[in-house]
Amino acid sequence: MVTIPTLPDVVTKVNSMVGDSKVSIQEIGDVIAQDAPISAKVLRIANSAVYGLAEPATSVIEAAKVVGARALRNIALQASVIQRYAPLSSIPDFDIHGVWKHAIFTGQLAQKIGATAKAAVGDFTVDEFYTCGLIHDIGKVVMLESLSEDYLEVFRRARATHQPIHVCEQDVFGFNHTEVGAVVAQQWQFAESVSKVIQFHHGPRQMVEEDPIVAVVAIADQISYRIELDNFDDAKKRIEALAKKVLGVEAEAMQEIYDYGLEILPLIEV
Ligand SMILES: [Fe+2]
Ligand SMILES: [Fe+2]
């Protein structure tokens, strides 16, 4: 029923190069530079306020040297995924711009929470957390492309009934965007842990509580969603209890993360 997209060649190549210690940043930059639309987007993202470069980078290789290979991989992924689904921006009732903004915001928050919860998450890197945030809801976009009007109907229903979208997806299709997203991550050859994070970002609670890496992204997703809605107070206690229990992060440290979120949300460009 659902067609899983392939990742553009340049991103697949960059992914395998980043994992290879013999490959230099210059070589990675060269591969991206061969794809003009992706390199233009990569430059724009690297020069956006979120990365805070002191001097704007004028070439992909320059950007690569400043942000590093792993961040560059995420930027290339972000650029190519957004470009791949650009045609969906003309669909009424589906705010794809909002989906990407939420994805980037969740990635930024997951990085911050992951760094704060260093002791609990082990060697899972901040860049891997960004990847997870970036693609945690990719299943929605993939489902929309394949199921079109049927999926839009589910979207409208979720909005009208104030039900979570994954619950409505499950009712109508028998699967939801978390499962689709997990398959996408596998096909794109991301680490097993990335696929697991995507699969369990809406629970069940037990899966979130027993894996700190899943918890980081689930918490980032909730904070991101709440800040976007400007409706935080009723979820705050629940989020803080989860952060304390699974990540050992205290409420004061969570407060810093909310403040960081409020500060960076206006800086995010899609
Ligand atoms: Fe989701
Ligand atoms: Fe989400």
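Residue numbers restart at each chain and count upward from 1, following the sequence in its written direction. Here the convention is simple: chains get letters from A, ligands get numbers from 1, in the order in which they are written. The predicted nature of this model means local features are confined to residues of pLDDT at least 70 and side-chain atom pairs, given and counted, to a pLDDT of 80 or more, with totals for whole chains, interfaces and linings taken over all residues.

### A word on the overall build of the protein
Link 1 in the chain: Only runs of H or I of at least four residues qualify as helices and only runs of E of at least two qualify as strands under DSSP, and these elements are numbered from the N terminus. A count of helical and extended segments in the protein gives 16 helices and zero strands.
Link 2 in the chain: Based on the C-alpha atoms only, the size of the protein along its principal axes is roughly 50 × 45 × 30 Å.
Link 3 in the chain: Burial statistics for the protein: of 270 residues in total, 41% are counted as buried. Any residue with 12 or fewer other C-beta atoms within 10 Å of its own C-beta is exposed, any with 20 or more is buried, and the rest are partly exposed; the C-beta atoms used are placed from the backbone.

### Some points on helix 15 (residues 233-247)
Link 1 in the chain: What a helix should span is 1.5 Å times the count of its residues minus one. Over its 15 residues, helix 15 runs 21 Å from end to end, which matches the ideal 21 Å to within 8%, given 1.5 Å per residue.
Link 2 in the chain: Turning to helix 15, its buried residues number three or more, namely Ala243, Val246 and Leu247. On an axial view of helix 15, the arc spanned by its buried residues comes to 90°, and they lie on one face. Along helix 15, exposed side chains directed more than 90 degrees from the buried face belong to Asp234, Lys237, Arg238, Ala241 and Lys245.
Link 3 in the chain: Directly beyond the C-terminal end of helix 15, a positive phi value near 70° is found at Gly248. The arc in question is formed by the directions pointing from the helix axis toward the C-beta atoms.

### A short note on helix 11 (residues 177-187)
Link 1 in the chain: When we look at burial in helix 11, the residues that qualify are His177, Thr178, Val180, Gly181, Ala182, Val184 and Ala185.
Link 2 in the chain: Throughout, a pair of residues is in contact if the C-beta atoms placed from their backbones lie within 7 Å. On the buried face of helix 11, the contacting elements are helix 8 (126-135), helix 9 (138-161), helix 10 (165-173) and helix 12 (192-199).
Link 3 in the chain: Looking one or two places after helix 11, you find Gln189, whose phi comes out positive at around 60°.

### What to know about unusual backbone geometry
Link 1 in the chain: A cis geometry characterises the amide bond from Gly203 onward to Pro204, with omega recorded as 5°.
Link 2 in the chain: Along the chain, Pro204 falls in the loop between helix 12 and helix 13 (205-210).
Link 3 in the chain: In this structure, His162 takes a positive phi of about 55° despite not being glycine.
Link 4 in the chain: Its identity as a non-glycine residue notwithstanding, Asp230 has a phi of 55°, on the positive side.
Link 5 in the chain: With respect to the helices and strands, Asp230 occurs in the loop between helix 14 (212-229) and helix 15.

### Some thoughts on the packing of helix 5 (residues 69-84) against helix 8
Link 1 in the chain: Angular values range over 0 to 180 degrees, each being the angle between N-to-C directions of two axes fitted as lines to C-alpha atoms, with helices fitted over their stretch in contact. Direction vectors running N to C along helix 5 and helix 8 enclose 10°, while the axes themselves pass 9 Å from each other. With respect to helix 8, the axis of helix 5 lies roughly parallel. Here Arg70, Ala71, Asn74, Leu77 and Gln78 of helix 5 come into contact with helix 8, specifically with Asp127, Tyr130, Thr131 and Leu134. If an angle is under 35 degrees, it is roughly parallel; if it is over 145, roughly antiparallel; if it lies from 65 to 115, roughly perpendicular; otherwise it is oblique.

### Overview of the packing of helix 3 (residues 36-46) against helix 5
Angle between the axes and distance between the axes: these two values describe a pair of packed helices.
Link 1 in the chain: Remark: helix 3 packs on helix 5, axes separated minimally by 9 Å, with the N-to-C direction vectors making an angle of 120°. As far as their axial angle goes, helix 5 and helix 3 are oblique. Between helix 3 and helix 5 lies a crossing of right-handed hand. Judged by residue contacts, Pro37, Ile38, Lys41, Val42, Ile45 and Ala46 of helix 3 engage Ile75, Ala76, Gln78, Ala79, Ser80 and Gln83 from helix 5.
Link 2 in the chain: Here the residues of the contact of helix 3 with helix 5 sort into eight nonpolar, three polar and one charged. A crossing counts as left-handed when the near helix is turned anticlockwise from the far one by less than a right angle, and as right-handed when that turn is clockwise. Lys, Arg, Asp and Glu make up the charged group, whereas Ala, Val, Leu, Ile, Met, Phe, Trp, Tyr, Cys and Pro make up the nonpolar group; the residues left over, Gly among them, are polar.

### Considering the environment of Gln111
Link 1 in the chain: Counting through the fold element by element, Gln111 comes out in helix 6 (residues 96-116).
Link 2 in the chain: Gln111 has contacts with Val126, Phe129 and Tyr130, leaving out every residue within four places of it along the chain.

### Some remarks on the domain arrangement of the protein
Link 1 in the chain: Source of the domain bounds: an automatic or database domain assignment. Segmenting the protein into domains produces domain 1 (1-84) and domain 2 (90-270).
Link 2 in the chain: Each of domain 1 and domain 2 has a C-alpha centre, and the two are 22 Å apart.
Link 3 in the chain: Each partner contributes to the interface: domain 1 provides 16 residues, whereas domain 2 provides 23 residues.
Link 4 in the chain: The dominant element in the side of domain 1 that touches domain 2, judged by the number of residues it contributes, is helix 5, at six residues.
Link 5 in the chain: Residues belonging to the side of domain 1 that touches domain 2 are distributed by class as follows: 10 nonpolar, five polar and one charged.

### Let's talk about the nonpolar core
A general trend in soluble globular proteins is that nonpolar side chains are found buried together.
Link 1 in the chain: Val42, Leu72, Ile75, Ala76, Ala110, Val216 and Val217 are the most contacted members of the largest nonpolar core, which has 75 residues in total.
Link 2 in the chain: Residue contributions to this core reach at least three from each of two domains, namely domain 1 (1-84) and domain 2 (90-270).
Link 3 in the chain: Filtering out sequence-adjacent residues up to four positions away, Ile75 remains in contact with Val42, Ile45, Ala46 and Val67. Put simply, a nonpolar core is buried Ala, Val, Leu, Ile, Met, Phe, Trp, Tyr and Cys residues tied into one set by C-beta atoms within 7 Å.

### Some thoughts on the environment of Ala64
Link 1 in the chain: Tracing the backbone shows Ala64 in helix 4 (residues 60-67).
Link 2 in the chain: With 28 C-beta atoms packed within 10 Å, Ala64 lands in the buried category.
Link 3 in the chain: Once the C-alpha coordinates of Ala64 and Ile75 are considered, the two residues, 11 residues apart in sequence, prove to be 9.8 Å apart.

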